[in-house]
Amino acid sequence: MALKFDPDYGKLPYIELECGHRIRCYGRLTEDQLAQRGESREKVQQQLEVVYERSMRAGFNLRPYETLVLSAVRFYEYDGQKAADVLVATQGIMRRLEINKTAEQLRHVFEEGLVWLAPVREDSGAAAIIVHHGKQWNTAKVSFKDLWAAIYLTVQVVLNDETVHFTSLALILDYDGISMTQTSKMKPKLMKAMIELQQLRLIETTVHSVNTSRLFKAIMEFFAFAQKGCPHKVSHLF
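Numbers given to residues run from 1 along each chain, matching the order in which its sequence is written. Confidence filtering applies because this is a predicted model: local features only for residues at pLDDT of at least 70, side-chain atom pairs given and counted only at 80 or more, and all residues used for totals across whole chains, interfaces and linings. Based on all heavy atoms of the structure, the side-chain values leave hydrogens and waters out of the count.

1. Topic: the overall build of the chain
Next up, step 1: Note on conventions: DSSP H or I runs of at least 4 residues are helices, E runs of at least 2 residues are strands, and numbering of each starts at the N terminus. Tallying secondary structure elements over the chain gives eleven helices and eight strands in all.
Next up, step 2: Buried means the residue's accessible area, taken with a 1.4 Å probe over protein chains only, is under 20% of the maximum for its type, while exposed means over 50%, and partly exposed covers the values in between. A buried classification covers 49% of the 238 residues belonging to the chain.
Next up, step 3: What makes two residues a contact is simply this: any of their non-hydrogen atoms within 4.5 Å. Long-range pairs, those at least 24 residues apart, make up 73% of the contacts in the chain between residues at least 6 apart in sequence.
Next up, step 4: Using a 1.4 Å probe, accessible areas were evaluated by the Shrake-Rupley method; residue-level cover was limited to the displayed protein chains. Of the accessible surface of the chain, which amounts to about 12200 Å², a share of 51% is contributed by carbon and sulfur atoms.

The structure is reproduced here in structure tokens:
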């Protein structure tokens, strides 16, 4: 379901089901739930401050992105310095590519239905984000940069739910009907930067490429050099 951003709906992003029900993308763990995981708010806050301080020295204010920072701190086992290094590197790439955009700036991507959040979790508890890279992608309306900016924004939204921090994230890339119209927009410089972004993990992530074609596989083989050492668990191509 496509994400929606309604300032009158608790100022939180949500997905709307066909039956009229809405699911808010937000969830906080209780103190007891955190204690069961060997965590306390005080312990986490100390590392958050480490991240904020180091990122500010690098020219990035990450305080508005608390859930994103929190996920990174947990993923790197409460090592604020390591989390800060990854977050700063991520923000650096996004600033260079100019893809750190707001929901309003990316509304057209969601309205096209190219990036959406599954209303149910995988069996493992992972939240799933589906991205349409194939024939559904009208390149005249949505640029490659905006498509990936919407993916990153959706990841930030998903991380508003703290339970996801302790499970994982599944990114499902659907290449059904991909043609030269779409692939011509995947410039080598952009593709390399996107792969670099995927390597800078902020949460345990699996990437699944589905409905791939010979054309897609040829492209991925071309960029295979950039995927060496990629820490993601990339699924088989179907």
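Read on for the rest.
2. Looking at the pairing of strand 6 (residues 169-174)
Next up, step 1: The buried fraction of strand 6 amounts to five of the six residues, a majority that puts the element mostly inside the structure.
Next up, step 2: A strand pair is defined by DSSP finding two or more bridges across the two strands. Relative to strand 6, strand 5 (residues 127-132) is paired through six bridges, and the arrangement is parallel. Residue pairing in the sheet places A127 in a bridge with L169 of strand 6.
Next up, step 3: Pairing analysis gives six bridges linking strand 6 to strand 7 (residues 205-210), with the strands arranged parallel. Within the sheet, the bridge partner assigned to L169 lies in strand 7 and is T205.

3. Side note on the confidence of the model for the chain
Next up, step 1: Confidence along the chain averages 80 in pLDDT terms, with 79% of residues attaining 70 or more.
Next up, step 2: No element of the chain has a lower mean pLDDT than strand 8 (residues 233-234), which averages 39, and none a higher one than helix 2 (residues 41-57), which averages 94.
Next up, step 3: Considering only residues more than four positions removed or in separate chains, one finds that residues 229-238, a stretch of pLDDT under 50, has 25 contacts. Confidence of the predictor at the level of single residues is given by pLDDT, which spans 0 to 100.

4. Brief notes about the packing of aromatic side chains
Next up, step 1: In this analysis, rings of Phe, Tyr and Trp, with Trp reduced to its six-membered ring, are considered paired at centre separations within 6.5 Å, and the interplanar angle assigns stacked below 30 degrees, edge-to-face beyond 60, and tilted for intermediate values. Taken as a whole and judged by the stated rule, the model has two aromatic pairs.
Next up, step 2: With a centroid separation of 4.9 Å and an interplanar angle of 90°, the aromatic rings of F75 and Y76 are classed as edge-to-face.
Next up, step 3: Residue classification places F75 among the partly exposed positions, given a relative accessible area of 22%.
Next up, step 4: Y76 sits in the buried class, given a relative accessible area of 15%.
Next up, step 5: Of note, R37 hangs over the ring of F166, and the distance from its end group to the ring centre comes to 4.5 Å.
Next up, step 6: Whether a charge lies above a ring is judged from NZ of Lys or CZ of Arg, which has to be within 6 Å of the ring centre and within 35 degrees of the ring normal. Above the plane of the ring of Y78 lies K43, whose end atom (NZ or CZ) is 4.2 Å from the centre.

5. Focus: the pattern of salt bridges
Next up, step 1: For this document, the term salt bridge refers to a Lys or Arg side-chain nitrogen within 4 Å of an Asp or Glu carboxyl oxygen. All chains considered together, the criterion is met by 13 salt bridges.
Next up, step 2: Residues R107 and E104 are paired through a salt bridge, measuring 2.9 Å at the closest nitrogen-oxygen approach.
Next up, step 3: Overall, the relative accessible area of 53% leaves E104 in the exposed class.

6. Describing the packing of helix 2 against helix 4 (residues 80-97)
Next up, step 1: With axes taken as lines fitted to C-alpha atoms, and helix axes fitted only over the stretch in contact, angles between N-to-C directions fall between 0 and 180 degrees. Close contact between helix 2 and helix 4 brings their axes to 8 Å; oriented N to C, the two are set at 40°. Between helix 2 and helix 4, the angle is such that the two are oblique. Crossing hand, helix 2 versus helix 4: right-handed. Where helix 2 approaches helix 4, its residues Q47, V50, V51, R54 and S55 are matched on the opposing element by G80, Q81, A83, A84, D85, L87 and V88.
Next up, step 2: Residue classes follow a fixed rule: Ala, Val, Leu, Ile, Met, Phe, Trp, Tyr, Cys and Pro count as nonpolar, while Asp, Glu, Lys and Arg count as charged, and any other residue, Gly among them, counts as polar. Counted by class, the contact of helix 2 with helix 4 contains six nonpolar, four polar and two charged residues. Orientation labels follow simple angle bins: below 35 degrees gives roughly parallel, above 145 gives roughly antiparallel, 65 to 115 gives roughly perpendicular, and whatever is left gives oblique. Whether a crossing is left-handed or right-handed is set by the direction in which the near helix is turned from the far one by less than a right angle, anticlockwise for left-handed and clockwise for right-handed.

7. Topic: the pairing of strand 5
Next up, step 1: In terms of burial, strand 5 is largely enclosed, as six of its six residues are buried.
Next up, step 2: Of the strand pairs in this sheet, strand 4 (residues 115-117) and strand 5 are connected by three bridges, and their pairing is antiparallel. Directly across from W116, in strand 5, lies its bridge partner I130.

8. Section: helix 3 (residues 66-75)
Next up, step 1: Judged by how many residues are buried, helix 3 sits mostly within the fold: eight of ten residues are covered.
Next up, step 2: Residues of helix 3 that are buried: T67, L68, V69, L70, S71, A72, V73 and R74.
Next up, step 3: Trailing helix 3 by a residue or two, E77 shows a phi angle of about 55°, which is positive.

9. So, the environment of K141
Next up, step 1: Along the chain, K141 falls in the loop between strand 5 and helix 6 (144-158).
Next up, step 2: Among the residues examined, K141 registers a relative accessible area of 52% and is labelled exposed.
Next up, step 3: In this view, K141 contacts H108 and E112; residues no more than four positions away in its chain are not counted.

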